[in-house]
Amino acid sequence: MGTDRARSSAAEALGTGFLVATVIGSGIMAERLAGGNGAIALLGNTLPTGAILIVLIIIFGPVSGAHLNPAVSLVMVMRGKLDAPSLVVYVVSQILGGIAGCWAAHLMFDLNMFQMSSTVRWGLGQWIAESIAAFGLVLTIFGCLANNRPAVPFAVGLYITAAYWFTASTSFANPAVTIARALSDTFAGISLAGVFPFIAAQITGAIAGALLSGWIWPKEGHD
């Protein structure tokens, strides 16, 4: 593996790890402090996630593009911005980084490191929500790349903050994060049975978003 690809792989692993640690860790903290108020707990989970996305995209964007998401890496291949061998490296790095972030969150809160979630997230509404969440995320990314590239970190962070609340699924919108969250029986978890439908919905939504963005912003696709 060349130096540049190794750096990109490390950036994707670290970035996804910190993202998952934030999602799970803030969920644990929020649930502990919310006193049983689900809305407050969700808000405590939402704000740190949006905030960390801004930071991670700013610091890792110049290294790897800060995809932090296999669905985003896939659509970057569709748009000619990433080659297939790099896609494999990115996806493996994202998944492994996400799992490491999950385990780190457990250790920080003195929980058993190895867990499986029992939280059921299932049903047509959930799958439609995940498809829409990923669709909107991809539109956000490519719309900013076409019109205001420096705004990408802030737009993505704000989009995910909003999508936590307007989607029934609380907007996982990320296969690597979905896999990692299945390994956490905490506020942010998802049972293993729900992982594949969520990922299928995420990829479907992301591909649709990439196709539509290529039509709306055709010049950006040829940069």
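The structure displayed is predicted, hence computed values, not measured ones.

1. Some words on the side chain of Thr 140
By the secondary structure assignment, Thr 140 is in helix α5 (residues 124-147). Non-local contacts of Thr 140, meaning those with residues more than four positions away in its chain, are made with Ala 155, Val 156 and Tyr 159.

2. Side note on the pattern of salt bridges
Here the structure, examined in full by the defined rule, presents 2 salt bridges. Between Asp 4 and Arg 7 there is a salt bridge; the shortest N-O distance is 3.7 Å. In this pair, Asp 4 and Arg 7 both sit in helix α1 (residues 3-33), 3 residues apart, roughly one turn of the helix. Residue classification places Asp 4 among the exposed residues on the basis of a relative accessible area of 59%. Across the pair Arg 5 and Asp 83 runs a salt bridge, and its minimum N-O distance is 3.7 Å. Of the two residues, Arg 5 sits in helix α1 while Asp 83 sits in the loop between α3 (70-78) and α4 (84-108), which places them 78 residues apart along the sequence. Classification of Arg 5 as partly exposed rests on a relative accessible area of 30%. The partly exposed category is assigned to Asp 83, whose relative accessible area is 37%.

3. Things to note about helix α6 (residues 152-166)
With 15 residues, α6 ought to run about 21 Å at 1.5 Å a step, and its terminal C-alpha atoms sit 20 Å apart, in line with that. When we look at burial in α6, the residues that qualify are Val 152, Pro 153, Ala 155, Val 156, Gly 157, Tyr 159, Ile 160, Ala 163 and Tyr 164. Elements in contact with the buried residues of α6: α1, α2 (38-64), α5 and α7 (175-181).

How each quantity is defined
- Residues numbered from 1 in each chain as written.
- Predicted model: local features only at pLDDT ≥ 70, side-chain atom pairs only at ≥ 80, totals over all residues.
- Heavy atoms only, no water.
- Helix = DSSP H or I, 4+ residues; strand = E, 2+ residues; numbered from the N terminus.
- Contact = heavy atoms within 4.5 Å.
- Salt bridge = Lys/Arg side-chain N within 4 Å of Asp/Glu carboxyl O.
- Buried < 20%, exposed > 50% of the residue type's maximum accessible area, 1.4 Å probe, protein only.
- Expected span 1.5 Å × (residues − 1).

Note that all results are geometric; they support no functional claim without further evidence.
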